[in-house]
Amino acid sequence: MKDVKLIKLRRAMVALVAAMWFCTAALLAEARTWTDTRGRKLEADLVEVLEGSVRLKRKSDGRVITVPLRQLSIPDRKYVAAQKSASKQRRGPAVKPLGKLDAFWRYAPALGPFHEGGQSMIEIPDYVTKGDFAYKKKPYDRETPFADHLTMVRFLGGFNDSKNPALRQLDLASRNSDGTIQYHWELIKPRLRPYLDSGYRDFTIVLDNVPWCFPAHPETENLGQKSPPRDSQEWHDFIVALCRELEKILGKDEANRLRFRVGTENNGRERFDGPHEEYVRHYMASAAAVKSVLPDAEIGPFNIAGVSIRGLDELHNVRAYDLVNSCLKKTNPFSGKVGTPVDFIAYSRYYQADDDITADAHQAGDAWKEFEKRFPQVKGISREIHEFGIAPFGNKARGDFVSQEPGALGAAATALMMFRLREEGVNRIFHWGVTDPFRDGKNVLHNVFTGYGWLLSVLERGVGGESYVIHPISQSAAGAEYPVLVSVKPDETLFVFTAYNQNTANHTTEDTVFRIPKTVIDLEGKSIQCVVLDRGTSVHDRIRKDLADAGLLTARFVERPDRNGGIREIGKGGQGGPCEKFVGERLETYHQAWQDSLTLRPMPESMGSVTILSRTQEVKLRLAAPQLVVLVVR
């Protein structure tokens, strides 16, 4: 009997090993010549893709080695990303219902020490308020575009004073010569006033950059003071007093609508220079203080950078899973109650124009799902992105090409990221600015709306409809991704088709077919109009072409015709250079180009077709990344 069991066990082990080999073999590529950033070459097979590294099997001796991705050449990194995407792509159902489309993007940060000037608010230019996708202005002189809720970052002070010691005078607290803490509530109203005067009432107050008087040994990095308070009770009392002051200024009802975030990206020592246990106590003190004064206010931890399950478990200075576990199970020493509220889980989600967007979004979704898997008590917790957008600083650190991508490529990448995150259940996205500021030859400041602003202008038309994400019936031969977001209203349906290719130089045109169930919308007898954003219609792509024709495009962008940047980034001379004068002289032309790109026209036959079947319909479009195609069906 034991022999039979042993044989069965051995067979099971053989089957398991075979299955593991098969899964690994699916990732293995043919022998490849790899090149590192110093130009050294190596013949090896790709064995496995890890987080931030790859395992390679050398052809010379068969030895398996681990190589950080940052040490590989750009073509090799793209090759690895393509292999990973091909082996792990999770498309989900062809049609995925997402519920009512709310304006989950209408959130933005406002940064200190610039609150007194109304940082992030601008005067909305007239040209974006006209046409079929007109921007709906608030009845005030200035506002933050596409934002109803503002995150007040670095609200407490704690500013980096390495170049200006007087910045310490802007802290909301200081220590007297006798060691007692003095509060400076007179500084709060000037910080809130510009936003209150522009009609804003919904804020997240960020409790980051602990004022200089609280730590035993204050230290600063680029963004401000990073050391935790030495006395958590002293900190707790400060937050209690802060909340009482906010209640006086805003009134009880509005103050109880506030949200609080305890820190910014505190999972790294450059933003919180203390151990995990110290942050847990710091968070518990903050939460108990807020809830003691404003019981209906929401509170959550810092927005997490470098999101992955392993990172949240092992790699970060403050471990988010352990933090939530402590909040749920331990007695809060400041409230005396078991349990500390965690009302949202927020991440930062930056990306570059050549990233594997789908993999990045799935990674964020997996980390959110892991919270709910481990802690059923937080099931349904708000999933939020508190820093969002294209940010090429990662490329710069690696020596890669840097570009802000305000044109069609950036819009396509951002649309794909937004749609994928929505599939992963994101509730709120706090975005950076959607305009590109520059000064003309008369030193007048202008704001040119970017491709991201174009995308949001379109999405706002779909708010309130039943929404879906639909995928094409087959994968792209060119390696592109083509999801479509659909919003169905009683009087019209909005389709936003995205064409994005991680290989930014690949602009292959493909006939792409989508099956639209009649249960979503019956297209028979409907009129179809469209607008398109691509390298021909995008305002920033047009600016790039005009600067190139005038000989004002910087050399590095001349060498990369697939990439684009802000006016000061791509034009010779940068800020104050001839590029700004050039664009200023043609500004009316670019305003008209914006309006033209958002004017609905009948869908031309050359773009595609609609075929009505018995139970479904097929929409076939000719798509070429980077591109957004918007259909309005009525």
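Residues numbered from 1 in each chain as written. Predicted model: local features only at pLDDT ≥ 70, side-chain atom pairs only at ≥ 80, totals over all residues. Heavy atoms only, no water.

### What to know about the pattern of salt bridges
Considering all chains together, one arrives at 41 salt bridges under this definition. A salt bridge links K100 to E466, with the shortest nitrogen-to-oxygen separation between them at 3.7 Å. Of this pair, K100 sits in strand β5 (residues 95-100) while E466 sits in strand β20 (residues 466-470), placing them 366 residues apart in sequence. Given a relative accessible area of 32%, E466 falls into the partly exposed group. For E618, the salt bridge goes to R515, with nearest N and O atoms at 3.0 Å. Taken as a pair, E618 in strand β28 (residues 616-624) and R515 in strand β24 (residues 509-517) lie far apart in primary sequence, 103 residues in all. We classify E618 as partly exposed; its relative accessible area is 21%. Residue classification places R515 among the partly exposed residues on the basis of a relative accessible area of 41%. What you see here is one network of salt bridges that share partners, running through R106, K138, D148 and E460. (Salt bridge = Lys/Arg side-chain N within 4 Å of Asp/Glu carboxyl O. Helix = DSSP H or I, 4+ residues; strand = E, 2+ residues; numbered from the N terminus. Buried < 20%, exposed > 50% of the residue type's maximum accessible area, 1.4 Å probe, protein only.)

### Notes on the sheet that holds β24
Here we have 3 strands laid out as an open sheet, ordered β24-β28-β27, and antiparallel in their pairing. Each edge of the open sheet is held by one strand with a lone partner, namely β24 and β27 (608-612). Each strand of the sheet is rotated relative to its neighbour by a mean of 15 degrees, with strand direction disregarded. Summarising the sheet, β24 and β28 pair through 9 bridges and their orientation is antiparallel. Note that in β28 the partner of D511 across the bridge is R622. (Pairing = 2+ DSSP bridges. Axes fitted to C-alpha atoms, helices over the stretch in contact; angles between N-to-C directions.)

### Observations concerning the confidence of the model for the protein chain
Residues at a pLDDT of 70 or more form 92% of the protein chain, whose mean pLDDT is 91. Note that residues 1-29 has pLDDT below 50 and, in this model, 14 contacts with residues that lie over four places away or in other chains. Low pLDDT (under 50) marks residues 87-91, which in the prediction has 10 contacts with non-local residues, meaning those over four places away or in another chain. (pLDDT = per-residue confidence, 0-100. Contact = heavy atoms within 4.5 Å.)

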